[in-house]
Amino acid sequence: MSTLNRPKSPHTPTAIKKGEKEDSFWDKFSTLGRKRGTREVKKVQEEGKYAIDSPGSPSQYDIPPEDYALREHEQRAVIDPQSISDPEVIKLQRILVDWINDELAEQRIIVQHLEEDMYDGQVLHKLWEKLTGKKLDVPEVTQSEQGQHEKLNIVLKAVNHTLGFHQKIPKWSVASVHSKNIVAILHLLVALVRHFRAPVRLPENVFVTVVIAEKNAGVLNAQKFQEQITSEYDDLGMRCEKDAFDTLINCAPDKLAVVKKSLITFVNKHLAKLNFEISDLNTDFRDGVYLCLLMGLLGGFFVPLHEFHLTPQDVDQMVSNVAFAFDLMQDVGLPKPKARPEDIVNMDLKSTLRVLYSLFTMFKDYA
């Protein structure tokens, strides 16, 4: 983690110039292999397995004649240096660095290089706490490698839980992040930007090339994979068509207050049948309970209590409730909401207003 007084982290090496044989990419690859110990080899093997399992189209990579130190059946993954120097990759890293620094400015934390500043989990710990408003019981500073691994393991579990990776396997791991795998770190940060609707615009369709090398029967084979980091901007869930709520929130706060009051009146008119009442659109719907009950009242059907969590205990149960309410909306003929369940749980006001307004439009004359 960088502070205001920390020395600059080493710069990312520039791409190897064509024709420089003694200092070629593959020569460095060989030197790296000879220097790494057993522990580092295990890390790199895990990276290799990750890269192989990750999406991408494999293609055979030209193998230089010189041998480099790979054990039999050993796999190793490295990033093609040309990918790191790609303008879009550089732009993506700069945007992510600026975003992290903006989020953590009050804590006087300055990130300069993602690989050097994110690998030990300390910055990620502070970023997760800032984004979620929660506290994580882990040591503030860890110096030993074992301590870093233990802290990073706890932090990543919390991050994965927040991002909804309970059954799906994320494109990052403790080993890949701690070994400063920039691809894994980029995947992780892009996922956080997407989940928390960060006010940044990421470059679209950013790819990097991952090279996988393996030795079998004394023969070196290598393939390169095109790994996609970002997709179309719409797919990231951060861009939607401008509508009246953008104008209300950004330009007409007085009119926004009138709209919110009207929606609260509409909701309470129906929730009163169950002796419930809401007062804050931003917070009262985040657990999905009122939304499920409201759909039953508006649709004229009973919602079995076992179908949703009446007293949700965590974010997962809240998301499940909202997702269930969205299903009920489609059952009564409403289009699928543009918002995600996570948006409602994260108290995104515009998303909540859009969902409730769609209900108001359809059921405003319903007694």
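Scroll up to find the structure.
Everything numeric here is computed off the predicted structure, so don't read it as measured data.

### Some points on the packing of aromatic side chains
In this structure the tally under the stated criterion is 5 aromatic pairs. Sitting over the face of the ring of Tyr119, Lys180 holds its NZ or CZ atom 4.6 Å from the ring centroid.

### Some details on the pairing of strand 4 (residues 219-228)
With 10 bridges connecting them, strand 3 (residues 207-216) and strand 4 associate as antiparallel partners. Among the inter-strand pairings, Glu214 is bridged to a residue of strand 4, identified as Asn221. Counting the residues in the hairpin turn of strand 3 and strand 4 gives 2 residues, including Ala217, whose phi is positive at 55 degrees.

### As for unusual backbone geometry
Even without a glycine there, the phi angle at Lys180 is positive, about 65 degrees. As for its placement among the helices and strands, Lys180 is situated in the loop between helix 8 (174-178) and helix 9 (182-195). The exposure class of Lys180 is partly exposed, given its relative accessible area of 31%. One non-glycine residue, Met347, lies in positive phi territory at about 60 degrees. With a relative accessible area of 32%, Met347 lands in the partly exposed category.

### Things to note about helix 16 (residues 349-363)
Here helix 16 is 15 residues long and its end C-alpha atoms lie 21 Å apart, about the 21 Å a rise of 1.5 Å per residue gives. Where helix 16 is concerned, the buried positions are Leu349, Ser351, Thr352, Leu353, Val355, Leu356, Leu359 and Phe363.

### Quick look at the packing of helix 13 (residues 289-299) against helix 14 (residues 315-331)
At their nearest, the axes of helix 13 and helix 14 sit 8 Å apart, and the two run at 20 degrees to each other. Put simply, helix 13 runs roughly parallel to helix 14. For the pair helix 13 and helix 14, the sense of crossing is left-handed. Of the residues in helix 14, those touching helix 13 at Val289, Leu291, Cys292 and Met295 are Asn321, Val322, Phe324, Ala325, Phe326, Leu328 and Met329. Broken down by class, the residue content of the contact of helix 13 with helix 14 amounts to 10 nonpolar, 1 polar and no charged.

Cut-offs applied
- Residues numbered from 1 in each chain as written.
- Predicted model: local features only at pLDDT ≥ 70, side-chain atom pairs only at ≥ 80, totals over all residues.
- Heavy atoms only, no water.
- Phe/Tyr/Trp six-rings, centres within 6.5 Å; stacked < 30°, edge-to-face > 60°.
- Lys NZ or Arg CZ within 6 Å of the ring centre and 35° of its normal.
- Pairing = 2+ DSSP bridges.
- Helix = DSSP H or I, 4+ residues; strand = E, 2+ residues; numbered from the N terminus.
- Buried < 20%, exposed > 50% of the residue type's maximum accessible area, 1.4 Å probe, protein only.
- Expected span 1.5 Å × (residues − 1).
- Axes fitted to C-alpha atoms, helices over the stretch in contact; angles between N-to-C directions.
- Parallel < 35°, antiparallel > 145°, perpendicular 65-115°, else oblique.
- Left-handed = near helix turned anticlockwise from the far one by under 90°.
- Contact = heavy atoms within 4.5 Å.
- Nonpolar A, V, L, I, M, F, W, Y, C, P; charged D, E, K, R; others polar.

Just distances and angles here, no functional claims.
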